[in-house]
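Tertiary structure, described
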Amino acid sequence: MKRNKYQIKTKKVLFFLLAVFALNSAWAGDKIVGLLYYDQSPVEIQLEDGKIQEVVRLGKLPEGAPAVYIAPGFIDNQVNGFAGISFSFGGSDLTFAGVEKATQELWKKGVTTYLPTLTTNDHELLIKNLKILAKASDDPKLLGSIPGFHMEGPYINPEDGYRGAHPKKFVELPDWKRFTELTEAADNKILQVTLAPELEGGLDFVSQCSRAGIVVALGHHNAPADVVIAAIDRGAKIATHLGNGAANMINRHRNPFWSQLADQRFMISIICDGFHLLPEEIQTFYLTKGVDRTIITSDVTSYAALDPGIYKTQTGETIELTEEGMLRYPAQNVLYGSASAMTKGVGHIMEVTGCTLAQAVQMASTNPSQLYGLNDRGVLEPGKRADLIVFSLNDYRIDIQKTYVEGQLVYEQK
């Protein structure tokens, strides 16, 4: 049957209205009710156009509303991979679909912002994967969850222990020209570089990165105190996973730890998965640096989603994921990154230090947002991105109920 022009026009208008309705449904104002992470007071957080419009204090929770907490989403500055996806290892199998999968799985763990971390590897492979990540980070589907990248290496100490699980054959001396090839591939989105300052040219490289606005982290190094101080003088800002990336046998006086702990200009990131650091180490680091200079990180890897067992990496190393969740590199008797997401770290640091939920969230969200200049997130304030998590907390275990990214509900526990 032949349709007249009015039927066709009506159908087009209806289609347009449905499209507008769908768009408005995704971005329309929303309200989240729960307990404010900061002081456990009942609040209603109003969202509009992807941002926090208002935080309204309530006298009490509405009848029937669950006593769940609301906090800014976690910001993880060291994600080597997740859910079977690696950002630098493997045979360069990285795809947009892989980045999307890792991001969606991290949302389920309350991580709304993260820095894909590329570790020491073949230069051309790093360039290829950085290009893929740079393109993926701009895709609207990821909702701005990837603001930039973390290069952990290849400018690290090549000695066993300090090098960790980084392949020795790909370790390099700092070279600004070679590094520029990486920054260009990354579309100038490298936000942090972890390096060993004692390497030849290391301190000059710190200065060059600092001038370029790149956060310099010290890690996988054995720098003496005077070199650490010189690096901080030149702009180094943070220690990468302090207490790890070091040999098992170190000098009790002259080692990489004391100088980094002593300098109050310098922040630290620590892995609080229950394996990388003993409780007393976390307690000491936390008491020394305080809430304002500590960041919780995960150092999570693609193996986090796998079953316990023995695995062979693409570069030939044998690693083990234990029943308890420890990921280890038996050849050097060191850890091979983490298999625990940020949720465990936030709960664990509360358990071993006695810090409050507010302090733990500051270390997992607010502090990294400030360090990387991500001033649109990391706190629950009007005008900020509506990157929020709703969760329960029982026996220091965080259970994510809902995750919002830029105001969109991206995960809801079934």
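Below is a summary of the structure that appears in this document. Small disclaimer: the values here were computed from a predicted structure and weren't measured. (Residues numbered from 1 in each chain as written. Predicted model: local features only at pLDDT ≥ 70, side-chain atom pairs only at ≥ 80, totals over all residues. Heavy atoms only, no water.)

1. A word on the side chain of T366
- Tracing the backbone through its elements, the reader meets T366 in helix 10 (residues 357-371).
- Accessibility expressed as a relative area gives 10% for T366, which makes it buried.
- A polar side-chain atom of T366 sits 2.8 Å from the main-chain carbonyl oxygen of G378.
- Non-local contacts of T366, meaning those with residues more than four positions away in its chain, are made with V361, G378 and V379. (Helix = DSSP H or I, 4+ residues; strand = E, 2+ residues; numbered from the N terminus. Buried < 20%, exposed > 50% of the residue type's maximum accessible area, 1.4 Å probe, protein only. Polar contact = N/O pair within 3.5 Å; in protein donor to acceptor, adjacent residues only side chain to side chain. Contact = heavy atoms within 4.5 Å.)

2. Concerning the sheet that holds strand 9 (residues 149-152)
- Spatial ordering of the open sheet is given by 5-8-9-10-11-12-13-14, a layout of eight strands whose pairing is parallel. With partners counted over all chains shown, the strands left at the sheet margins are strand 5 (74-79) and strand 14 (294-297), one partner each.
- The sheet contact formed by strand 9 and strand 10 (residues 190-195) spans four bridges and is parallel. By the bridge assignment, M151 is partnered in strand 10 with V193.
- The strands that helix 10 touches are strand 5, strand 10, strand 11 (215-218), strand 12 (238-239), strand 13 (267-271) and strand 14; relative to strand 14, the one it contacts most, it runs at about 105°. (Pairing = 2+ DSSP bridges. Axes fitted to C-alpha atoms, helices over the stretch in contact; angles between N-to-C directions.)

3. Quick look at the sheet that holds strand 16 (residues 318-321)
- Read from one edge of the open sheet, four strands run 15-16-17-18, paired in antiparallel fashion. Taken across any chain shown, the strands that pair with only one partner, and hence form the sheet edges, are strand 15 (309-312) and strand 18 (334-335).
- Bridge analysis of strand 16 against strand 17 (residues 327-329) gives two bridges, and the strand direction is antiparallel. Following the sheet pairing, E320 is matched in strand 17 by R328.

4. Some thoughts on the packing of aromatic side chains
- Scanning the model with the defined rule gives eleven aromatic pairs in all.
- With a centroid separation of 6.2 Å and an interplanar angle of 25°, the aromatic rings of F87 and Y114 are classed as stacked. In this pair, F87 sits in the loop between strand 7 (85-86) and helix 2 (96-108) while Y114 sits in strand 8 (residues 111-119), placing the two residues 27 residues apart along the sequence. Taken as a pair, F87 and Y114 share a single burial class, namely buried.
- Between F179 and F205 the ring centres are 5.3 Å apart and the planes differ by 75°, which places this aromatic pair in the edge-to-face class. In this pair, F179 is assigned in helix 4 (residues 176-185) and F205 in helix 5 (residues 202-211), connecting sequence segments 26 residues apart.
- What makes F179 buried here is its relative accessible area of 1%.
- Assessed through its relative accessible area of 1%, F205 is described here as buried.
- One aromatic cluster in this structure is built from Y155, W176, F179 and F205. (Phe/Tyr/Trp six-rings, centres within 6.5 Å; stacked < 30°, edge-to-face > 60°.)

5. Considerations on the nonpolar core
- Of all hydrophobic cores here, the largest spans 98 residues; its most connected members are F87, V99, F179, L182, V193, I270 and I349.
- The biggest single contributor to this core is helix 3 (residues 123-137), with six residues.
- Formed by ten residues, the second largest nonpolar core is a distinct cluster that contains L191, V215, M267 and L371. (Core = buried A, V, L, I, M, F, W, Y, C linked by side-chain atoms within 4.5 Å.)

6. Description of the pattern of salt bridges
- Across all of its chains, the model carries 13 salt bridges by this definition.
- Across the salt bridge formed by D138 and K189, the nearest N and O atoms sit 2.5 Å from each other. Here D138 is found in the loop between helix 3 and strand 9, whereas its partner K189 is found in the loop between helix 4 and strand 10, with 51 residues between them in sequence.
- Look at K189 and you get buried, because its relative accessible area is 14%.
- Of the charged contacts, one joins R178 and E172 as a salt bridge, the two residues approaching to 2.6 Å between their closest N and O atoms.
- For R178, a relative accessible area of 29% gives the class partly exposed.
- On the basis of relative accessible area, E172 is assigned to the buried category, the value being 18%. (Salt bridge = Lys/Arg side-chain N within 4 Å of Asp/Glu carboxyl O.)

7. Regarding the pairing of strand 10
- Burial analysis of strand 10 places six of its six residues in the buried class, the great majority of the element.
- Tracing the backbone out of strand 9, into helix 4 and back to the parallel element strand 10 gives a crossover that is right-handed.
- Strand direction decides the pairing type here: strand 10 and strand 11, joined by four bridges, are parallel. Note that in strand 11 the partner of T194 across the bridge is A217.
- Where the polypeptide runs from strand 10 across helix 5 and back to strand 11, its parallel neighbour, the crossover connection is right-handed. (Right-handed = clockwise from strand over helix to strand, strands pointing away.)

8. Details of a negative patch on the surface
- A contiguous patch of negative charge, built from D122, E124, D175, E181 and E184, is present on the exposed surface.
- Summarising the element assignment, D175 is placed in the loop between strand 9 and helix 4. (Patch = residues over 30% accessible without salt bridge, like charges linked within 9 Å, V, L, I, M, F, W, Y side chains within 5 Å. Areas by Shrake-Rupley, 256 points an atom, 1.4 Å probe, with all protein chains shown as cover. Lys, Arg positive; Asp, Glu negative; His and termini not counted. Charge placed at Lys NZ, Arg CZ, Asp CG, Glu CD.)

9. Examining the layout of surface pockets
- Considering only enclosed or pocket space, the largest pocket measures out at about 1100 Å³ in volume.
- Lining the largest pocket we find 49 residues, and of these A165, T301, L335, Y336 and G337 sit closest to its centre.
- Elements represented by at least two residues in the lining of the largest pocket include exactly strand 7 and strand 18.
- Reported here for the second largest pocket is a volume of approximately 410 Å³.
- Looking at the second largest pocket, it is lined by 19 residues, and the ones nearest its centre are K109, T343, K344, R397 and I398.
- Mapped onto the lining of the second largest pocket, the elements with two or more residues apiece are helix 9 (342-353) and strand 20 (397-405).
- It is strand 20 that contributes the most residues to the lining of the second largest pocket, four residues altogether.
- Class assignment for the residues of the lining of the second largest pocket results in eight nonpolar, five polar and six charged. (1 Å grid on protein atoms, 1.4 Å probe; cavity = no way out; pocket = protein on both sides within 12 Å on 5 of 7 lines; lining within 4 Å. Points joined across faces, edges and corners; volume = space filled by probe spheres on them. Nonpolar A, V, L, I, M, F, W, Y, C, P; charged D, E, K, R; others polar.)

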